[in-house]
Amino acid sequence: MSRFVAITAVRDFEGRIRQAITGSLHGDLQTLPPTVLQTGTDELFKQLTGAPPEVLILGPGVNPDDAFKLATVIDLQYPEISLLMVAEPSTDIVLKAMHAGVRDVVAPDAEVNELRVLLERACLAAASRRRGMQPAESGQDRGRVIAVMSPKGGVGKTTVATNLAIGLGSLAPMSVVIVDLDLQFGDVASGLMLEPEHSITEAVHGSAAQDSMVLKAFLTVHPAGIYALCAPQKPSESDYITADHVTRLLNQLATEFKYVVVDTAPGLGEHCLATLELATDGVWVCGMDVPSIRGLRKCFSVLKELQLLPQGRHTVLNFADRKSGLSVQDVEATIGVPIDTVIPRSRTLPYSTNRGIPVLQGTARDSAIKGLRKLVQRFDPRMEAAPQNKLHRRVVVS
Ligand SMILES: Nc1ncnc2c1ncn2[C@@H]1O[C@H](COP(=O)(O)OP(=O)(O)OP(=O)(O)O)[C@@H](O)[C@H]1O
Ligand SMILES: [Mg+2]
């Protein structure tokens, strides 16, 4: 949950900021009158309700010199807060704002969409600064790259990936990004009901590839507090995205986010292999039918030969159904590794796909949702630390 504080008495502007936040950003808004600028930061902070803000909006209607003074103090004392100034952006104002540590200057008549984009970026910058201020634990400074894969199509990869990202988002708000590497026909955007302004195309070409802050501006914020990098609008754009692009992109994201969840296209194409080279974890989704199970067995054997199996292995048996003529043990014996999570066939999942609201976003319960929650728990550091929850690594003998 982000916190936005605006210092302004201009009701029309406050209304636009509120609209920009509602429904798109994960947070709430508190407004304070410009007179608080006379009182100093301590007094100002006393007037805040709840947690300290992530984004502080100065103006419109505040004296620019007062705003610069406050900005300078906040930049030194609370560098994790992103500052936005609302004023006609003349060269003089922009220069002074820059010296005072203000992130962006926006015109008072900016429209809701423009404000939304600026607020999203300010939230990203705040989250990134907070992470940068945390002491780096050894080996923990790179996020986990979780590849959700299967040799066959339609087995539930996107369902698993979107729910996993939403579930991880509640463990680590604003620290999760889902990347749609099903470049031709990806449907993460539709599964999360997002209308992305930018896609992977912009993220891998141009300045974003050199600069993680620019890259972050191409992500789409989901109201549940996660970020998404969606597949290109046109399938033909995927021709211009190479395996090297994928490697660089995932490396950049892993330095900025705690969890990078990658949804993939079926099979072992070049983008999937590039993902596996970097992945810390593979989530292997398999349906309860012979082609899907045999496909996974072959996939494991090829990847073992190529030494491309990520360290963390999480097998998911989806569409589990007693009437399929197969048992979980049959599946384990064929693929040669144990099944970690069983997700039964359930009507709630197609319904949630069609609505664009992953089931883990709501509070409904059924056995499929229970399976998905169990999968999320496997990535919860608290659960992993508990000795009784050690991830098993036994091999099933066929
Ligand atoms: N356990 C389940 N029970 C019933 N329906 C499910 C289950 N899991 C997934 N589905 C539904 O199956 C359909 C295909 O799922 P999904 O898109 O996640 O598969 P996919 O592996 O990503 O497919 P593709 O290979 O085409 O990307 C979706 O409509 C989804 O809601
Ligand atoms: Mg899919």
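These numbers come from a predicted model, not from an experiment.

A.B. asks: Would you mind showing me how to read the site of ligand 1 here?
C.D. replies: Within the structure, ligand 1 sits among 18 residues, and Lys157, Thr158, Thr159, Asn318 and Thr353 are positioned closest to it. Contacts to ligand 1 include Val155, whose backbone N or O atom sits 3.1 Å from an oxygen atom. Look at ligand 1: alone it shows 630 Å² of surface, and the protein chains cover 82% of it. Across the shell around ligand 1, the residue classes tally to seven nonpolar, eight polar and three charged.

A.B. asks: Would you take a moment to explain the domain arrangement of the protein chain for this structure?
C.D. replies: When the parts of a complex come together, some accessible area is lost, and that lost area is often used as the size of the interface. Partitioning the protein chain into structural domains gives domain 1 (2-133) and domain 2 (144-389). A straight line from the C-alpha centre of domain 1 to that of domain 2 covers 35 Å. Every contact between the two is made by 15 residues of domain 1 and, on the other side, 15 residues of domain 2. For the pairing of domain 1 and domain 2, the buried interface totals around 1200 Å² over both sides, and the portion due to carbon and sulfur atoms is 55%. Where domain 1 packs against domain 2, one counts zero salt bridges. The interface formed by domain 1 and domain 2 includes zero residue pairs in polar contact (both at pLDDT 80 or more). It is helix 5 (residues 112-133) that contributes the most residues to the side of domain 1 that touches domain 2, nine residues altogether. The class makeup of the residues in the side of domain 1 that touches domain 2 is six nonpolar, five polar and four charged.

A.B. asks: Even after reading the chapter, I still don't get the sheet that holds strand 10 (residues 259-264), so can you show me in this structure?
C.D. replies: Each strand in a sheet pairs with another by means of backbone hydrogen bonds, the pair being arranged parallel or else antiparallel. Spatially, 8-9-7-10-6-11-12-13 is the arrangement adopted by the eight strands of the open sheet, whose pairing is mixed. Each end of this open sheet is capped by a strand with a single partner; those strands are strand 8 (220-222) and strand 13 (341-344). Averaged over neighbouring strand pairs, the angle between their axes works out to 20 degrees when direction is ignored. In terms of strand pairing, strand 7 (residues 176-181) meets strand 10 through six bridges, oriented parallel. Within the sheet, the bridge partner assigned to Val176 lies in strand 10 and is Tyr259. Across the sheet, helix 6 (residues 157-171) is in contact with strand 6 (144-149), strand 7, strand 8, strand 9 (226-229), strand 10, strand 11 (281-286), strand 12 (312-320) and strand 13; its angle to strand 10 comes to roughly 170 degrees. Lying on the sheet, helix 15 (residues 367-377) is in contact with strand 11, strand 12 and strand 13; it crosses strand 13 at an angle near 155 degrees.

A.B. asks: Where do I start with helix 1 (residues 11-21) in this structure?
C.D. replies: Note on helix geometry: an α-helix contains 3.6 residues per turn, so any two residues three or four positions apart are oriented the same way. Those residues of helix 1 that fall on the buried side of the exposure criterion are Phe13, Glu14, Arg16, Ile17, Ala20 and Ile21. The buried residues of helix 1 occupy an angular sector of 160 degrees when projected down its axis, which confines them to one face. In helix 1, the exposed positions angled more than 90 degrees off the buried face are occupied by Arg11 and Asp12. Positioned one or two residues after helix 1, Gly23 has a phi angle of 80 degrees, which is positive.

A.B. asks: Which parts of the structure should I look at to understand the side chain of Glu120?
C.D. replies: Mapped onto the elements of the fold, Glu120 is located in helix 5. Buried Glu120, no salt bridge; nearest opposite-charge side chain is Arg116, N-O distance 5.7 Å. Dropping the residues within four chain positions of it, Glu120 is found in contact with Leu25, Leu219 and Val221.

Each value, and the rule that gives it
Every chain begins its residue count from 1, and numbering advances along the sequence as written. Throughout, the order in which chains and ligands are written sets their labels, letters from A for the former and numbers from 1 for the latter. This being a predicted model, a pLDDT of at least 70 is required before a residue's local features are given, and a value of 80 or more before pairs of side-chain atoms are given or counted; all residues contribute to the totals for chains, interfaces and linings. To get the side-chain values, all heavy atoms of the structure are used, and hydrogens and water are removed first. Throughout this document, a residue counts as near a molecule or strand when at least one of its heavy atoms sits within 4 Å of that molecule or strand. What qualifies as a polar contact is a pair of N or O atoms within 3.5 Å, subject to a donor-acceptor requirement within protein and to the restriction that residues adjacent in sequence count only when both atoms come from side chains. The Shrake-Rupley method, run with a 1.4 Å probe, gives the accessible areas here. Residue values count only the displayed protein chains as cover. All residues other than Ala, Val, Leu, Ile, Met, Phe, Trp, Tyr, Cys, Pro, Asp, Glu, Lys and Arg, Gly among them, are scored as polar; the first ten of these are nonpolar and the last four charged. Segmentation into domains, and thus their bounds, comes from an automatic or database assignment. Two residues form a contact once any of their heavy atoms are found within 4.5 Å. Note on terms: buried area is the combined drop in 1.4 Å-probe accessible area of two parts once they are placed together, counting the loss on both. For salt bridges, the criterion is a side-chain nitrogen of Lys or Arg within 4 Å of an Asp or Glu carboxyl oxygen. The helix count covers DSSP runs of H or I at least four residues long, the strand count covers runs of E at least two residues long, and both are numbered beginning at the N terminus. Each pair of strands is called paired provided DSSP finds at least two bridges between the two strands. Orientation is described by lines fitted to C-alpha atoms, with helices fitted over the stretch in contact, and by angles between N-to-C directions that extend from 0 to 180 degrees. For each residue, the accessible area found with a 1.4 Å probe, counting protein chains only, is set against the maximum for its type, and the residue is called buried under 20%, exposed over 50%, and partly exposed in between. When we speak of the arc, we mean the arc of directions from the helix axis to the C-beta atoms. Positive charges come from Lys and Arg alone, negative charges from Asp and Glu alone, with His and the N- and C-terminal ends not counted.

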